[in-house]
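Summary of structural features
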Amino acid sequence: MKNLSPVEECFFQKSQRSDPTTRVPYILVDNFPKLGFFTALRFLEWVSENPEGVISLPTGKTPEYFIKWVNHLTTNWADDSLTRLRHENGLALTHRPDFRGLQFVQIDEFFPIDPRQHNSFYHYIKEYYLKGFGLDESKAQLINSAMIPTANNLPLVEIFPDYKVDLSMRYRDCKTLPEQLQQETILLIDQWCTEYEEQIRAKDGIGFFLGGIGPDGHIAFNVRGSDHNSTTRLMETNFETQAAAAGDLGGIEISGNRLVITIGLATITHNPEATAIIIAAGEAKAPIVRDSLENTRDIRYPATVLRNLPNSRFYLTRGAAVALRDSLDEYFLKEEWTKEKITRAVIHLAGILNKYGHNLTVKDLQADHICRHIPDLDDKTVSKVMVDLISKIDRGLDLPLDQVFYHTGPHHDDIMLGYAPQAIHLVRTPRNRHHFSILTSGFTSVTNAYVISILTETGKLLAQEQIQMTDYPDFFDGGFKFKRDKDVYHYLNKIAARNILGKQRGLCHRVVRALVEIYAIDSKSELASKIKDITAYLKDCYDGEKNPPRIQRLKGMIREFEEELVWAHLGVRVRDVSHLRLGFYTGDIFTEQPDRKRDIPPILEQLRIIQPTIITLALDPEGSGPDTHYKVLQAIAEAVRELQKETDLSGLRIWGYRNVWYRFNPAETDIIVPVSINSLAVFQSMFMESYLSQKEASFPSHEYNGPFSDLAQRIWVEQHQQLQLLLGKDFWYQNEHPRLRSAHGLIYLKELAVDEFLNMARNLEKSMEGQIG
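These figures come from a predicted structure and were not determined experimentally.

With that settled, the discussion passes to the overall build of the chain. Helices and strands together make up the secondary structure of the chain, namely 28 helices and 16 strands. Dimensions along the principal axes, computed over C-alpha positions, put the chain at roughly 80 × 75 × 60 Å. Classification of the 773 residues of the chain by burial places 59% in the buried group. Across the chain, the fraction of contacts at a sequence separation of at least 24, relative to all contacts at a separation of at least 6, is 78%. Accessible surface, the chain as shown: approximately 32200 Å² in total, 49% of it carbon and sulfur.

The following block contains the structure:
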């Protein structure tokens, strides 16, 4: 590969890949932290050559390890081990790069937003780049919403009530004074954007651009369909971008109505000598990475504009690159053929040709540039794959008996969205024992608006003497701790009776118990006062503001009640649902790793007591998705590792599941579970009746604007369609087994032996965290 810097050359050689066939080159690393390490070294290399250069760096979680590595390397520049590490990875600098001459240009910002809010990009940049890297703020060009001119210098909230900006006012005739003020302000913002662009071009453009890529392919906030000649502007975004921003802004209700100011695609490419780097991690990004690298210039794929820059690059984890033609060729043509690989190849061909497995011929396989390389290719190749997949389906039908299940979820609803229809079957038999354990508090998924609505209703019921348990003489002294299962039973009774008000009352009972516990309340009057105080506080918060610990705990306990409701549908007792609230889960943008002394003992103690024979867990091999999944996996692995020192675990099995964030290929699974229309209906009812804080889907996936239960069902149906194509429709609706005749969805699970699981977790841990420290 041509025109690589020494650092890039070093990492390219380590990737052991052939030259990319894409127009924009890419370089692979193993995982997310290494991606940050590589990018940090390249940044330091560039700064050493351009000490007064113009830089634009990203915000959010994407640059987490980039920021950590830049700080670690520069703060400990003289450290001998880090000096060796730099040299081993192509950075042969003797002197620490000087950041004081760099000119920082902010890429984008939500609009309107108070720059003092912790979730504004302005605040992020000042905290992590200007202060964190020691950049000169006087040389920075920032997007400060408070400094952008407005009509009559009025505050934005007075001009745009609820911060809703209607861009059609640019062109409409104004009929009222408020409309005149809005139109004038929009035009003033447009003028400000023009001047912002001119300032960048006066610097000869951006010299070093580092950015992530959104689910729709956006770079900066240049969403799918953006003009490749676009410049800095105020604009609307699309649903995918709004969904990705929902966590920052406190829900899709807010991000869906918030505009953005962003530099344009032509802004990024204005400097023909610019180093422009896009970083992407995880298999979820693989489709858009493929489309961005393998397509010609196309407004549907904003990153294709980077073909204009000879120094543009994609830095990718191997997971983010799996869909590339180069990666497919590397995997299928240059590595040893295994049964899993043959299955992948045949499934892939069936999908491309849209042909049933029994209709695939040897000629079809020989004509395919991948399948033609399958060893001993003959007319039995496809049938062998089909037999193997059917054996996995048989395992999904063969329910294990006399087992002790320890079901674990990183967040509330992860188990439900991963394999609820299978759990329904497993729980039905009294010969199995089950314990459900949610390892984090999950408070970040509960909006302030939802808590306000529940507290308002609770206050009303309290005033109407409808929460009689508060009249018991010992309630505030400790009685509130008991009969939590009664709240659950009461709620389920009201579901059966279709009594909406009764369900609301059951929820309010649990909220009262939570408030008394959290705030050590000792009377009804204090309870009523506290409800008013919390409501007033939440109403005064800005959208997306981090809550104090006690509000976080309240939100978490609401989610805990929801989880108890879910499994109580199946007769699981409240005492068999645990909430571990591991301490690494803090709600900060960069969360800490699990602490061995704090986070492992609660899991280990449960394992000792429950003595499971099957542990289920969210399995994310690359560790680049919701990082809670990876951290929980490592915490469970460490607890199992400790337990293995005490007892024989040779009979223990691990079931790995994935849900709405990740999907297994059927070739890599071991158990395939048929899902009927009946199971889907039960699943939807359980989800919508129990996860009340999630019904409105305030933090949706970018794939679907609606509750996660709908997306999970869609995934299971698509997985069934995938294998229906290979196995043929007759296999399903003419099958002797009623569960296969009734199947319209499939769930994929991966089974691991203990040592296999521990080795996988250890290797992942070393690759993820072994370098920093």
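There's plenty left to go through after this.
On to the pattern of salt bridges, then. One pass over the structure, following the stated rule, counts 56 salt bridges. The partner of Lys 61 in a salt bridge is Asp 627, with the nearest N and O atoms 3.4 Å apart. Remark: Asp 627 occurs in helix H23 (residues 627-644) and Lys 61 occurs in the loop between strand E2 (54-56) and helix H3 (64-75); sequence separation between them is 566 residues. Taking the relative accessible area as the measure of exposure, Lys 61 reaches 35% and is therefore partly exposed. A residue is classified by how much of its surface remains accessible, and Asp 627, at 18% relative accessible area, is buried. Here Asp 588 and Lys 546 are joined by a salt bridge, their closest N and O atoms 2.4 Å apart.

The next subject is empty space enclosed by the protein. The tally for this structure, following the rule as stated, stands at four cavities of 30 Å³ or more. Quantified by volume, the largest cavity comes out at close to 80 Å³. Arg 658, Asn 659, Ile 715, Trp 716 and Gln 719 are the residues nearest the centre of the largest cavity, which is lined by 15 residues in total. Only helix H16 (414-428), helix H25 (708-727) and strand E16 (743-753) provide two or more residues apiece to the lining of the largest cavity. Among the elements that make up the lining of the largest cavity, the one with the highest residue count is H25 (four residues).

Strands sit in the order E1-E9-E8-E5-E2-E3 across an open sheet of six strands; the sheet is parallel. Looking at which strands have only one partner, the edges of the open sheet turn out to be strand E1 (26-29) and strand E3 (103-104). Set on the sheet, helix H1 (residues 6-15) makes contact with E1 and strand E9 (312-317); between it and E1 the angle comes to about 60°.

This paragraph deals with the nonpolar core. One finds Ile 603, Ile 615, Val 640 and Trp 732 to be the most contacted residues of the largest nonpolar core, which totals 63 residues. In terms of residues, this core owes the most to one element, H23, which gives eight residues. Residues in contact with Ile 615, not counting those within four places in the same chain, are Tyr 406, Thr 408, Leu 607, Ile 636, Val 640, Leu 652, Arg 653, Ile 654 and Trp 655. Counting 51 residues, the second largest nonpolar core, distinct from the first, contains Ile 143, Ile 263, Tyr 301 and Ala 321.

Before going further, it helps to examine the sheet that holds strand E6 (residues 233-235). Pairing is antiparallel across the open sheet formed by three strands, whose spatial order is E4-E7-E6. The sheet terminates laterally at strand E4 (108-111) and E6, the two strands that pair on one side only. Strand after strand, the sheet turns through a mean of 25° between neighbouring axes, direction not considered. Looking at chain direction, E6 and strand E7 (residues 259-262) are connected through three bridges and run antiparallel. Bridging across to E7, Leu 234 finds its partner in Ile 261. Together, E4, E6 and E7 form the strand contacts of helix H7 (residues 177-202), whose direction differs from that of E6 by roughly 135°.

With 13 residues, helix H18 (residues 484-496) should cover 18 Å at 1.5 Å per step; its first-to-last C-alpha distance of 19 Å lies within 8% of that length. Those residues of H18 not exposed but buried are Arg 484, Asp 487, Val 488, Tyr 491, Leu 492 and Ile 495. Mapping the buried residues of H18 onto a view down its axis gives an arc of 125°, with all of them on the same face. Opposite the buried face of H18, by more than 90 degrees, sit the exposed residues Lys 486, Tyr 489 and Ala 496. The inward-facing, buried residues of H18 abut helix H19 (500-519), helix H21 (549-568) and helix H24 (677-690). At the C-terminal side of H18, Arg 498 shows a positive phi close to 55°.

Let's shift gears to the pairing of strand E13 (residues 614-618). Two faces, one strand: in a regular strand the side chains alternate between the faces of the sheet. Within E13, five of the five residues are buried, which leaves it mostly tucked inside the rest of the structure. Alternating residues of E13 divide into Ile 614, Thr 616 and Ala 618 and Ile 615 and Leu 617, and every residue in both groups is buried. Bridge count between strand E10 (residues 404-409) and E13: three bridges; the pairing is parallel. In the strand pairing of E13, Tyr 406 is matched with Ile 615.

Here the focus is the packing of aromatic side chains. Using the criterion set out here, one finds 36 aromatic pairs in the structure. Taking 4.3 Å as the distance between ring centres and 20° as the angle between the ring planes, the aromatic pair formed by Phe 11 and Phe 38 counts as stacked. Separated by 27 residues along the polypeptide, Phe 11 in helix H1 and Phe 38 in helix H2 (residues 32-49) bring together distant segments of the chain. Side by side, Phe 11 and Phe 38 carry an identical accessibility label, which is buried.

We now examine the side chain of Glu 179. Relative to the helices and strands, Glu 179 is located in helix H7. Take Glu 179: its relative accessible area is 19%, and that puts it in the buried class. Here the side chain of Glu 179 touches Lys 175 through a polar contact of 2.8 Å, landing on its backbone nitrogen. Residues in contact with Glu 179, not counting those within four places in the same chain, are Met 169, Arg 172, Asp 173 and Cys 174.

In this section: the packing of helix H17 (residues 448-463) against H19. Where H17 contacts H19, the axes come no closer than 9 Å and their chain directions differ by 95°. Of the possible angle classes, the one that applies to H17 and H19 is roughly perpendicular. For the pair H17 and H19, the contacting residues are Tyr 450, Ile 454, Leu 455, Glu 457, Thr 458 and Leu 461 in the first and Gln 504, Arg 505, Leu 507, Cys 508, Val 511, Val 512 and Leu 515 in the second. Considered class by class, the residues forming the contact of H17 with H19 number nine nonpolar, two polar and two charged.

Before going further, it helps to spend a moment on the pairing of strand E15 (residues 671-676). Here E15 lies mainly inside the structure; six of its six residues are buried. Across six bridges, E15 lies against E16 in antiparallel orientation. Paired with Val 675 across the strands is Gly 745, a residue of E16.

Residue position: Tyr 65 is located in helix H3. For Tyr 65 and Gly 250, which are 185 residues apart along the polypeptide, the C-alpha to C-alpha distance reads 24 Å. Other than its neighbours up to four places away in sequence, Tyr 65 contacts Phe 32, Pro 33, Gly 36 and Gln 593.

Between H18 and H19, the shortest axis-to-axis distance is 7 Å and the interhelical angle comes to 165°. Judged on the interaxial angle alone, H19 and H18 are roughly antiparallel. Where H18 crosses over H19, the handedness of that crossing is left-handed. Note on element contacts: H19 touches H18 through Gly 502, Lys 503, Arg 505, Gly 506, Leu 507, His 509, Arg 510, Arg 513 and Glu 517, opposite Arg 484, Asp 485, Asp 487, Val 488, His 490, Tyr 491, Lys 494 and Ile 495. Class assignment for the residues of the contact of H18 with H19 results in four nonpolar, four polar and nine charged.

Rules of the game
- Counting starts from 1 at the beginning of each chain's written sequence and moves along it residue by residue.
- Reporting in this predicted model follows two pLDDT cut-offs: at least 70 for local features of residues, and 80 or more for side-chain atom pairs to be given and counted; totals over whole chains, interfaces and linings ignore these cut-offs and use all residues.
- The basis for every side-chain value is the complete set of non-hydrogen atoms in the structure, without hydrogens or water.
- Comment: elements are numbered from the N terminus, with helices defined as DSSP H or I runs of at least four residues and strands as E runs of at least two.
- Buried residues are those whose accessible area, probed at 1.4 Å on protein chains only, stays under 20% of the maximum for their type, while exposed residues exceed 50% and partly exposed ones sit between those limits.
- Any two residues whose heavy atoms approach within 4.5 Å at even a single point are treated as in contact.
- Calculation of accessible area relied on Shrake-Rupley with a 1.4 Å probe; when residues are assessed, cover is drawn exclusively from the protein chains displayed.
- Salt-bridge detection follows one rule: a side-chain nitrogen of Lys or Arg within 4 Å of a carboxyl oxygen of Asp or Glu.
- Cavity means a closed set of points on a 1 Å grid over the protein atoms alone, one where a 1.4 Å probe fits but cannot get out, pocket means an open set with protein on both sides within 12 Å along at least 5 of 7 lines, and lining means a residue has an atom within 4 Å of a point.
- Grid points are joined across faces, edges and corners, and a volume is the space filled by probe spheres set on the points.
- Any two strands are treated as partners once DSSP identifies two or more bridges connecting them.
- Between N-to-C directions, angles cover 0 to 180 degrees, with each direction set by a line fitted to C-alpha atoms, over the stretch in contact for helices.
- Only buried residues count toward a nonpolar core. Its members are Ala, Val, Leu, Ile, Met, Phe, Trp, Tyr and Cys residues joined through side-chain atoms within 4.5 Å.
- Expected helix span is given by 1.5 Å per residue-to-residue step, counting one fewer step than there are residues.
- Note that the arc is computed from the directions linking the helix axis to the C-beta atoms.
- Pairing of aromatic rings covers Phe, Tyr and Trp, the last counted by its six-membered ring, and requires centre-to-centre distances within 6.5 Å; plane angles under 30 degrees mean stacked, over 60 mean edge-to-face, and any other angle means tilted.
- Under the rule applied, a polar contact is a pair of N or O atoms within 3.5 Å (in protein, one hydrogen donor and one hydrogen acceptor; residues adjacent in sequence only if both atoms are side-chain atoms).
- When describing relative orientation, an angle under 35 degrees is termed roughly parallel and one over 145 degrees roughly antiparallel, while 65 to 115 degrees is termed roughly perpendicular and anything else oblique.
- Amino acid classes used here: Ala, Val, Leu, Ile, Met, Phe, Trp, Tyr, Cys and Pro are nonpolar; Asp, Glu, Lys and Arg are charged; the rest, including Gly, are polar.
- Take the far helix as your reference; a near helix turned counterclockwise from it by less than a right angle gives a left-handed crossing, and one turned clockwise gives a right-handed crossing.

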